[in-house]
Amino acid sequence: MQSVLKLAARPQGWSRRYPLALLAMLLLALWHSQIGNPLPAATQWALLTRAPADFAELQWWHASLPRLAMALLVGAALGFSGSLLQQLTQNRLVSPMTLGASAGAWLGLVCASIWLPALAAEHSEWPALAGAMLAVLLALAIAGVRGIGGLPLVLGGMALNLLLGALASAIVMLHDQYSRNLFLWGAGDLTQNDWHWVLWLLPRLAPMLLLLWLAPRPLTLLRLGASGAQGRGLRLWPSMLLLLLAALWLSSVAIAAVGLIGFIGLLTPNFARLLGARGARDELAFSALLGALLLLATDALAVLASSYSVELVPSGAAAALIGAPALLWFTRRQSAGSGQQNLSLAPAARPLSRRGWGLLLAGLLALVLVSLTLAPGTHGWQLAWPDALIWSFRWPRTLAAVAGGAALALAGVILQRLLRNPLASPDILGLSAGATLALLAATLWLGRPLQQGGAPLAFGGSMLVLGLLLWLGRRQQYAPGMMALVGISLAALLEAVLQFALARGTADSFAILGWLAGSTYRVSGQQALLLAGGALLLAVPVLCGQRALTLLAIGDGVAQGRGLHLARNRLAWLTLVALLTALVTSVLGPVGFLGLLAPHIAAMLGARRVLPQLLLAALLGSVLLLVADWLGRVLIFPLQVPVGILASVLCGGYFILLLLAQRVRRGRA
Amino acid sequence: MARTIWVMLAAVLLLCSGMAAAVTVRDSDGVHHFARPPQRVVALSWESAEQLLELGITPLAVADADDYRQWVVRPTLPPATLPAGGRLEPNLELLASLKPDLIIISPSLLDMRPQLARIAPVLYFDAYRHDHDNAQVARDIYLQLAGLFGRRALAERRLAALEQGFAKLRGRLQQHFGAQLPRVDVVRFASPAVVYLYGSNSMPLHALQRLGIAGTPQPAASIWGVTQQKVVQLGSLRHSVVLYQQPFEQAGKLFATPLWQAMPFVAQQRFAAVRSTWSYGGIFSLYYLAEAMTDALLTLDRQSIVSGTR
C-alpha cells in the first residue's frame, strides 16, 4: 500500500518524458504529411494562410491534413480510453478490444446499417455505443466483482469478442449484398476526403479534457481498494459507472468515425507505465499522447505501403500487424496478469449414471438418423432414407461433423485440464487462428486455391502458434494470462490479414468469408474419412494417457511426485491439441466455441474425472456439431448457413448464458 | 460435272444430319458430346443464366435466383425458375431432386465438379480471366451454347441485331457530340474513400469500345477487370469523361466535399451517373451496359465536353 501511494504521488521524469514524446509526435506528423506529397514546403507553408487553388493543394488540405488530424485524435481517444479502463479495473490486460467492446460496437453498427439505415447514416455513434456497452456489461457480469481485476474479465471479454464477431459475420453473410461497404469500414481506415469527420469527432472527444481534470481523484482512490476509497468519502459505484461510460463513449465514437482499430488502447497504457508514467492523471495524459503517437506511426506505414504497392493497406490492419508482435514482446517482458480466480461452472453433484450414458448414446444415434433422413425439399419436408446419390452427399458431411466435433471437444478438455483454466480452448488460445492464418496467407500470397484441403499448412500454422506459446510460456510456467494474450494477439492478427484481404474488394471476398465461416459443404468422402481416421488415431494416445492428464490437472507437485516429467508431458499434450485442431481446421475451417463448451456441459452432466469427461465431451461435441450442421442445411433452405458460424453463435451464446446464470445464482447465494 | 456437285452436296447433307444426332459443345476444358440437346438446365453462375435466357432457354434453376432478380435484372428471369442455393454453395440435394440433364458452372465451383457430375453432365465455362478477351469469350460461349441447343441460327440473328443496336447507340452519341466521341473512364465506388476503376478488359470498357469510344487503355490485373484505387487518385483523370455506376448510397457525402468538387471532371461537368447495370454478365450484357452508358453520356453538355477533352 505504501509503495502504491508513493508511486501515485510522484510521476517519474515527466519533465523529460512529455517534451520528448511531443517532439517525436511533431517529427512523425511532419513525415506523415510528406508521404506521397508533391507540394514544395514553401507552398505547404503558404497554404496554412491562403485557400488552396489547384487539385494537388486541395488534396493536401482536404485529404492529407485531415487524415493526420484523425490519426492524432483517434489515437489519443483510444489511448485515453484504454488507460481509463485499465485504471478502473486495475487490470493491465483490459482495453476496448479485450473487453469485447470493439466487437460489440461493430455488431451494433452492422445491425443498425442493415435494419436502421437512416440511423446508421446520421448517428452511427449510438448503435456503436449501445453494442459496446452491452458487450462490456456482459463481460463484467461474467467476471463478477472479484474477477474484474484479473484474468476472468479478459477471458470473458475474449469469449464475447469471438461470439459477437461471429454474430456480425453471420448477419453480414445473410445480407451480403446490402452491406458490402461494411467491409471497408470494418477494416478501420483513416482515409479522409474533407474535414467533416474530424470536426464530427472533435467535440465528441471533449469529455477527455473534463476527465483529465475530474477522473484522477476517484481513480487514485480506487487504487486503495474499494473499501479504502469508500472510507475517503467516494461514492464508489456511481463514479465508476460514470467513468466506465466515458471510456466506452470515447472508444465508440472513435470506432464510429474510422472503424475498428485494435491494440492501441491495450498497448499504450502499458507502454506509458513502462516509460515511467505514474499517478492517475499522468497515466491518462501520457497514454493519450502515446496513443496519438502510435497510431500516427502505424498509419504513416499504412500510407507508405499503399503508395508503393497497388494494394490498399487499411490503417487498422497496419496497427494490428505492428500491435500483435508488440503485445507478445510486452508479454515476454512482464509477467501478464496471473491469478486463478474461479470461473468455472459448477459440476453436477452426482456422476453420470449408466442409464444417463445410455440415453446420451441413444440421443446421438437418433440425431445422426434425423440428420441423415429428414430434410426439406422442393415440396416441403421429407423423411426418407436417402437414395445412393443423396447418400453420397450426406454421409461425408455427417461423418465430418461427428468426427470434427469430437476432436475439438477432446482438444478442449485437454487444454482446460492441462492449463487448469476453464476458459482454455483451441480458439481462445489462438490455435485455430494460427491454422486459419496459415491457410489464408497461402491463399493470398501464394495463390493456393482456397477450397482445397491444406492439412499440412494448417498443421504448420497451429504448430507455429504452439511453439510460440511454449517459447513464451516456459519462463512463466505457462501462466494462463500469457496464453490468453497470445490468443488475443493472434485473433487480432488474423483479423488484420482478413481485413487486408477483404479490402481488395474482389469477388473472392465472399469466398474467403464463406470459407472462414467454417463449412462442411465442400468436404469430400475422402476428407471425411481422413478426418474421422485422424481423430480416432489421435484419440488413442489421449485416452491411454488420461492418467497423466489427471495428475497434471491436480497440480505440478502431485504430477512430479508421481514421477512425471513435467515439461515433456506438457509438450506431448499440447502437440496432441495442435494436431487435433489442425486436423479439424484444415477440413472444416475454423469452428469456434465447441471446444470450450463441450467439456463444460460434460462436467455439468456429471463427468468429473478425466476419462468420463473426455468421453462425454467427445460425444457432446459430435452431437453439437451434427445439430449445427443439420440446422445450417435446413434453416434457410435452399441456402445454407455455414456450420462454423452456427456452432459459434449457438455454443457461444449458450456458454455466455451459462456463465451469467452461474453468476446470478452465486450472487443470490 | 453438275451431277458430281449434287452428289457431294448430298453427301455433306447426310454427314450433317448424322452429326446432328450427337451434339458437341466445347467448354473451357474441351469437347463434350450430348446425345440430344439438354432439356432441364441448371445455371450455377449468373453469366451462364444470362446467356441461356438470351437463347430463349429458361433454366430450371439458377443459383441465388432472388439476388439475380435484384441485381442483374436484365434479361428477366422467369418466376418459374427455382433458386438453387448459393453461388458458392449450391444445394446439391435440391439439384439432385430436380433431375437436371445439364449443369453449367463457373470456376468458383470447379472443385465441386465431381459431386455435381454425379447429378448431371457438367459444363464449365471460365468466362472471366485477365489473360483473355472477356467479350470475345462471352460471344464464343454464347455460340457454343447455341450449338448445343440447336439454336445456332437464332444466335447468329441475335448477334447481328446486337451489332445494329450498337450502331444505333453510336449514332445517337455522334448526333450529340459530333463525329469525335470523348474519352470515357468508368468507375464504381466501394466507399467514399475507395473506388474501382474498370480496366480495358472489363465489360463496361468492351461496351464502350463497341460504341466507338476510347477508354482506360490498361487492363486490370484482377479477373473481373477492375483496379482498386483511392478516390483522390481519380484527380489524375484530366481529359476524360468519368461515368460512375450506381448504386452508391454515400454519394451525397462524397460529392458535397470540396475535394470532390475540385476533381477536374467534376469541375468541368464531365461526370455522370450510370443506372445500376450488372457488369459481369454474358455477351448481351454489353448492350445493356452500352445503353445505360449512352443515356448517361447524353445528359452531359456537348460544349463542356468538346472543350474539356480535347
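Just so it is clear, the structure is predicted and the values come from calculations on it, not from any experiment.

Once that is clear, we can look at the overall build of chain B. From N to C terminus, chain B includes 13 helices and twelve strands. A total of 310 residues make up chain B; the buried ones form 48% of that total.

Helix and strand counts for chain A stand at 30 helices and two strands. In chain A, which comprises 669 residues, the proportion classed as buried is 54%. Residue pairs in contact within chain A that sit at least 24 positions apart in sequence constitute 80% of those at least 6 positions apart.

On to the domain arrangement of chain B. All names here are of chain B. On domain assignment, one finds that chain B holds domain 1 (18-126) and domain 2 (177-309). Each of domain 1 and domain 2 has a C-alpha centre, and these two points are 32 Å apart. Taken together, the contact between domain 1 and domain 2 spans nine residues of the former and seven residues of the latter. Residues that form the side of domain 1 that touches domain 2 fall into these classes: four nonpolar, one polar and four charged.

So, on to the sheet that holds strand β10 (residues 226-230) of chain B. Think of a sheet as strands paired side by side through backbone hydrogen bonds, with each pair either parallel or antiparallel. All names here are of chain B. Here five strands make up an open sheet; going across it, the order is β10-β9-β8-β11-β12 and the pairing mixed. The open sheet is flanked by β10 and β12 (271-274), the only strands paired with a single partner. Within the sheet, the average angular offset between the axes of one strand and its neighbour, ignoring direction, is 35°. With five bridges connecting them, strand β8 (residues 184-189) and strand β11 (residues 241-245) associate as parallel partners. Counted as the bridge partner of Val187 is Tyr244 from β11. Against the sheet, helix α12 (residues 285-298) touches β11 and β12, its axis set at about 145° to β12.

Okay, the sheet that holds strand β7 (residues 122-124) of chain B next. Residues and elements named next belong to chain B. Taken together, the five strands give an open sheet; going across it, the order is β5-β4-β3-β6-β7, and neighbouring strands pair in parallel fashion. Sheet topology places β5 (82-83) and β7 at the edges, where each strand pairs with a single neighbour. Pairing geometry for strand β4 (residues 61-62) and β5, over two bridges, is parallel. Following the sheet pairing, Ala61 is matched in β5 by Leu82. The strands touched by helix α2 (residues 46-54) within the sheet are β3 (41-43), β4 and β6 (102-105), with β3 carrying the most contacts at an inclination of about 135°.

What follows covers the interface of chain A and chain B. Taken together, the contacts link 36 residues of chain A with 41 residues of chain B. Those elements that provide at least two residues to the side of chain A that touches chain B are α4 (55-89), α9 (180-186), β1 (374-377), α19 (388-418) and α23 (508-516) of chain A. Considering every element that reaches the side of chain A that touches chain B, the biggest residue donor is α4 of chain A, with five residues. Of the residues belonging to the side of chain A that touches chain B, the class tally is 16 nonpolar, 16 polar and four charged.

The next subject is the nonpolar core. Residues and elements named next belong to chain A. Membership of the largest hydrophobic core comes to 307 residues, with the highest contact counts inside it found for Val74, Leu410 and Leu594. Per-element tally for this core: the top contributor is α4, with 17 residues. Apart from the residues within four sequence positions on either side, Val74 is in contact with Ala254, Ala257, Val258, Ile261 and Leu295.

Let us look at the pairing of strand β1 (residues 23-26) of chain B. Residue and element names in this part refer to chain B. Bridge count for β1 against strand β2 (residues 31-34) is four bridges, and the pairing is antiparallel. In the strand pairing of β2, Val23 is matched with Phe34. What sits between the antiparallel neighbours β1 and β2 is a turn of four residues, in which Gly30 has the positive phi angle 155°.

Attention now moves to helix α25 (residues 546-554) of chain A. Regarding α25 of chain A, the residues found buried are Gln546, Leu549, Leu551 and Leu552 of chain A. Contacts from the buried residues of α25 of chain A go to α19, α24 (525-544), α26 (556-561), α27 (566-588) and α29 (610-634) of chain A.

All names here are of chain A. Looking at where Ala406 falls in the secondary structure, it is placed in helix α19. Taking the C-alpha atoms as reference points, Ala406 and Ala535, 129 residues apart in sequence, are found 7.7 Å from one another. Setting aside residues up to four positions removed in sequence, Ala406 forms contacts with Ala535, Ala618, Gly621 and Ser622.

Let us now look at the confidence of the model for chain A. Residues and elements named next belong to chain A. Overall, the predicted model of chain A reaches an average pLDDT of 80, with 84% of residues at or above 70. Low confidence marks residues 1-10, where pLDDT is under 50. Its contacts with residues over four positions away, or in another chain, come to seven contacts. Confidence drops under pLDDT 50 across residues 336-343; counting only partners more than four residues distant or on other chains, this segment forms 25 contacts.

Moving on, we come to unusual backbone geometry. Cis geometry is adopted by the peptide bond preceding Pro638 of chain A, which originates at Phe637 of chain A and carries an omega value of 5°. You can see Pro638 of chain A is positioned in the loop between α29 and α30 (643-668). The omega torsion across Arg74 of chain B and Pro75 of chain B is -5°, close enough to zero to call that bond cis. Topologically, Pro75 of chain B is positioned in the loop between α3 (65-71) and β5.

To continue, consider the packing of helix α2 (residues 14-34) of chain A against helix α16 (residues 280-308) of chain A. Residues and elements named next belong to chain A. Running from amino to carboxyl end, α2 crosses α16 at an angle of 25°, the nearest separation of the two axes being 10 Å. With respect to α16, the element α2 is oriented roughly parallel. For the pair α2 and α16, the crossing hand works out as left-handed. Here Trp14, Arg17, Ala21, Ala24, Met25, Leu28, Ala29, Trp31 and His32 of α2 come into contact with α16, specifically with Asp282, Phe286, Leu289, Leu290, Ala292, Leu293, Leu296, Ala297, Asp299 and Ala300. Looking at the contact of α2 with α16, its residues break down into 15 nonpolar, one polar and three charged.

All names here are of chain A. In terms of burial, helix α15 (residues 264-274) is a largely internal element, eight of the eleven residues being buried. Those residues of α15 that sit buried are Ile264, Gly265, Leu266, Leu267, Thr268, Pro269, Asn270 and Ala272. Just downstream of α15, Gly276 is the residue with a positive phi angle, here 110°.

Bringing the environment of Ala21 of chain A into the picture now. All names here are of chain A. For Ala21, the position within the fold is in helix α2. Residue class for Ala21 comes out partly exposed when judged on the 17 C-beta atoms lying within 10 Å of it. The sequence separation of Ala21 and Gly100 amounts to 79 residues, and the corresponding C-alpha distance is 30 Å. Non-local contacts of Ala21, meaning those with residues more than four positions away in its chain, are made with Leu289, Leu290 and Leu293.

Now for the packing of α2 of chain A against α4 of chain A. Residue and element names in this part refer to chain A. Running from N to C, α2 and α4 cross one another at 150°; their axes reach a closest spacing of 9 Å. What the angle tells us is that α2 and α4 run roughly antiparallel. Note on packing geometry: the crossing formed by α2 with α4 is right-handed. Residue-level contacts link Ala29, His32 and Ser33 of α2 to Ser64, Leu65 and Leu68 of α4.

Attention now moves to the confidence of the model for chain B. Residues and elements named next belong to chain B. Scored by pLDDT, chain B has a mean of 86; 91% of the residues are at 70 or more. A low-confidence stretch, residues 14-18 (pLDDT under 50), is modelled with zero contacts involving residues beyond four sequence positions or located in other chains. Among the scores for the predicted complex, ipTM is 0.80 and pTM is 0.82.

In this section: the environment of Ala247 of chain A. Residue and element names in this part refer to chain A. Looking at where Ala247 falls in the secondary structure, it is placed in helix α14 (residues 236-258). What makes Ala247 buried here is the crowd of 32 C-beta atoms within 10 Å. A C-alpha to C-alpha distance of 19 Å links Ala247 and His123, two positions 124 residues apart in sequence. If near-sequence neighbours (up to four positions away) are discounted, Ala247 is found in contact with Ser81, Leu84, Leu85 and Leu88.

What counts as what
- Residues numbered from 1 in each chain as written.
- Chains lettered and ligands numbered in written order.
- Predicted model: local features only at pLDDT ≥ 70, side-chain atom pairs only at ≥ 80, totals over all residues.
- Helix = DSSP H or I, 4+ residues; strand = E, 2+ residues; numbered from the N terminus.
- Buried ≥ 20, exposed ≤ 12 C-beta atoms within 10 Å, placed from the backbone.
- Contact = placed C-beta atoms within 7 Å.
- Domains from an automatic or database assignment.
- Nonpolar A, V, L, I, M, F, W, Y, C, P; charged D, E, K, R; others polar.
- Pairing = 2+ DSSP bridges.
- Axes fitted to C-alpha atoms, helices over the stretch in contact; angles between N-to-C directions.
- Core = buried A, V, L, I, M, F, W, Y, C linked by C-beta atoms within 7 Å.
- pLDDT = per-residue confidence, 0-100.
- Parallel < 35°, antiparallel > 145°, perpendicular 65-115°, else oblique.
- Left-handed = near helix turned anticlockwise from the far one by under 90°.

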